[in-house]
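Breakdown of the fold
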Amino acid sequence: MRAAVCRSYGPPDVVEVEEFPSPSVGDGEVRVRVHAAVVNFPDVLLVANKYQVSVPPPFVPGSEFGGVVEAVGGGVTNVAPGDRVFGTTLVGAFAEKVVVSADGVTRVPAGVDERLAAAFGVAHRTAFHVLRSVARLRPEEELVVLGAGGGVGLAAVQLGSVLGAAVTAVASSAEKLDVAASFGATTVINHHSSDLRKALRGVHPDGVDVVVDPVGGDLAEPALRALRWGGRFVTVGYASGSIPRIPLNLVLLKGIHILGFQFQQFAMHEPGDLRRNDGELLELLATHRVAPYIGASFSLDDVAAALQFVADGRAIGKVVLDIGGPPT
Ligand SMILES: NC(=O)c1ccc[n+]([C@@H]2O[C@H](COP(=O)([O-])OP(=O)(O)OC[C@H]3O[C@@H](n4cnc5c(N)ncnc54)[C@H](OP(=O)(O)O)[C@@H]3O)[C@@H](O)[C@H]2O)c1
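What this report covers is the structure whose coordinates are included nearby.

1. With respect to the pattern of salt bridges
What the rule picks out here adds up to 17 salt bridges. With its nearest N and O atoms 2.7 Å apart, the salt bridge here joins E280 to R132. Here the residue E280 occupies a position in helix α9 (residues 271-286), and R132 occupies one in helix α2 (residues 114-134), the gap between them amounting to 148 residues. Relative accessible area serves as the criterion here: at 29%, E280 is assigned to the partly exposed category. For R132, a relative accessible area of 25% puts it in the partly exposed group.

In structure tokens form, the structure reads like this:
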């Protein structure tokens, strides 16, 4: 099969497309013919060997995919050959075929495009678990989303709006904010052209209820300062590359709740919420009430350019690699 292979750690251009052995399927596993894969920032970090875990080269990067089940191993009952599925893994998705645990795939709802399903995985699930279970967002509440043009941020804008909140999107460009507005943000703030603390105070003089922060760095504190009494601040990631330090007196003065979300820990400790939220989210996808925004797409041959695009922070919403298979 053709696959994007990382033979030595380094920048995105170390990844090259070549013939690679097709993975064989074992008990409890499924082999999927990949139609679309999604490029995420952790893929860049894995290739550079700067991620929280290391994968020894040679390996095929890629963690999110959509496609059709080609073969199943012993004991697999949730899917069968021919089923359209989407799923996640640590590596292996930037290839014509990927083998994953059967638990790692979900059937694509009828009438939903496989590319959209592929791009729906981690970002929408992260945003929904954060809003539904961690922030416990309620209708009519004021929600501020940082990184609102990125995968997690844009999903939080869309899902916050679906959950009935009034959403303020914060991002670095007019292009990102236009997309956020089309996904339900009622207020937008460009933090490059304005002072975030002043801008938030201007539009929310009485404060906001919830902040979702996948960015960290210098934006976290001004956003936290915008919370009203008893507000909730959820830290989700540090795309800026810098982990913020928050003066605790701000927390004390306003009775603020600082909360965190990490996917694997949440899945391990809150299996009931995980199942409920995933079920509700799949229903939202199946009924076309939510869908990811695919801001850019590349062919498998252009995988290095796709990784560089994400590494440069140019992505709006999700970045897709079209690998093969008929459109659905
Ligand atoms: N906790 C979890 O379980 C979990 C799950 C999924 C993702 N995450 C993490 O959440 C973060 C966001 O993920 P994502 O998929 O939304 O990422 P993304 O699509 O790349 O978006 C990240 C946003 O962060 C901002 N940013 C600021 N400095 C940046 C820089 N130096 N490089 C890139 N972006 C920068 C950008 O917004 P501006 O317009 O403001 O510049 C960008 O739109 C990542 O750190 C990811 O690892 C955590």
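There's plenty left to go through after this.
2. So, the site of the ligand
Neighbouring the ligand are 21 residues; G151, V152, S172, H191 and V236 lie closest to it. Between H191 and the ligand, the recorded distance is 2.8 Å, taken from a side-chain N or O atom to an oxygen atom. When the ligand is considered free in solution it has 910 Å² of accessible area, and contact with the protein chains removes 78% of it. Looking at the shell around the ligand residue by residue, the class counts come to 10 nonpolar, 10 polar and one charged.

3. Looking at the sheet that holds strand β11 (residues 208-213)
The six strands lie next to each other as β10-β9-β8-β11-β12-β13, forming an open sheet whose pairing is parallel. Strand pairing shows two members of the sheet lacking a second neighbour, β10 (187-190) and β13 (257-260), which therefore form its edges. Sheet twist, expressed as the mean angle between neighbouring strand axes with direction ignored, is 15°.

4. Some thoughts on the environment of D27
By the element assignment, D27 lies in the loop between β2 (15-19) and β3 (29-39). Separated by 49 residues in sequence, D27 and V76 have C-alpha atoms that sit 7.5 Å apart. Beyond its immediate chain neighbours, meaning those up to four positions away, D27 contacts G73 and G74. Looking at D27, its side chain comes within polar contact range of the main-chain nitrogen of G74, at 3.3 Å.

5. Examining helix α5 (residues 196-203)
All of the buried residues along α5 are L196, A199 and L200. Looking straight down α5, one finds that the buried residues subtend no more than 95° of arc, so they occupy a single side. Across from the buried face of α5, at angles greater than 90 degrees, the exposed residues are K198 and G202. Contact partners of the buried residues in α5: β8 (142-145), β9 (166-171), β10 and α6 (220-225).

6. Considering the packing of α2 against α9
At a closest axis distance of 10 Å, the pairing of α2 and α9 adopts a crossing angle of 120°. Relative to α9, the element α2 is oriented oblique. Where α2 crosses over α9, the handedness of that crossing is right-handed. From α2, F120, H124, R125, F128, H129, R132 and S133 reach across to α9, where they touch D273, L274, R276, N277, D278, E280, L281, L284 and L285. Here the contact of α2 with α9 is composed, by residue class, of six nonpolar, four polar and six charged.

7. What about the pairing of β10?
Here β9 runs beside β10; their pairing, made up of four bridges, is parallel. Bridged to A171 within β10 is N190.

8. A closer look at the packing of α2 against helix α3 (residues 151-162)
One can describe the packing of α2 onto α3 by two numbers: an axis separation of 8 Å at closest approach and a directional angle of 55°. Between α2 and α3, the crossing angle belongs to the class labelled oblique. Both α2 and α3 take part in a crossing whose hand is right-handed. Along the contact surface, α2 presents A123, H124, T126, A127, F128 and L131, while α3 presents G151, V152, A155, A156, Q158, L159 and G160.

9. Considering helix α10 (residues 303-311)
The α-helix advances 3.6 residues per turn, and as a result positions three or four apart in sequence lie on the same side. By the burial criterion, the buried members of α10 are V303, A304, A306, L307, F309 and V310. On the buried face of α10, the contacting elements are β1 (2-6), β2, β3, α1 (41-47), β14 (294-299) and β15 (318-322). Among the residues trailing α10, G313 stands out with phi positive, at a value near 70°.

10. Digging into unusual backbone geometry
Residues P57 and P58 are joined by a peptide bond in cis, for which omega reads -5°. Positive phi, close to 60°, is recorded for N49, a residue that is not glycine. Topologically, N49 is positioned in the loop between α1 and β4 (64-72). Of note, the phi angle at E140 is positive, near 80°, even though the residue is not glycine. Looking at the secondary structure, you find E140 in the loop between α2 and β8. In this structure E140 comes out as exposed when scored by relative accessible area, which is 70%.

What counts, and at which threshold
Residues numbered from 1 in each chain as written. Predicted model: local features only at pLDDT ≥ 70, side-chain atom pairs only at ≥ 80, totals over all residues. Heavy atoms only, no water. Salt bridge = Lys/Arg side-chain N within 4 Å of Asp/Glu carboxyl O. Helix = DSSP H or I, 4+ residues; strand = E, 2+ residues; numbered from the N terminus. Buried < 20%, exposed > 50% of the residue type's maximum accessible area, 1.4 Å probe, protein only. Near = heavy atom within 4 Å. Polar contact = N/O pair within 3.5 Å; in protein donor to acceptor, adjacent residues only side chain to side chain. Areas by Shrake-Rupley, 256 points an atom, 1.4 Å probe, with all protein chains shown as cover. Nonpolar A, V, L, I, M, F, W, Y, C, P; charged D, E, K, R; others polar. Pairing = 2+ DSSP bridges. Axes fitted to C-alpha atoms, helices over the stretch in contact; angles between N-to-C directions. Contact = heavy atoms within 4.5 Å. Arc of directions from axis to C-beta. Parallel < 35°, antiparallel > 145°, perpendicular 65-115°, else oblique. Left-handed = near helix turned anticlockwise from the far one by under 90°.

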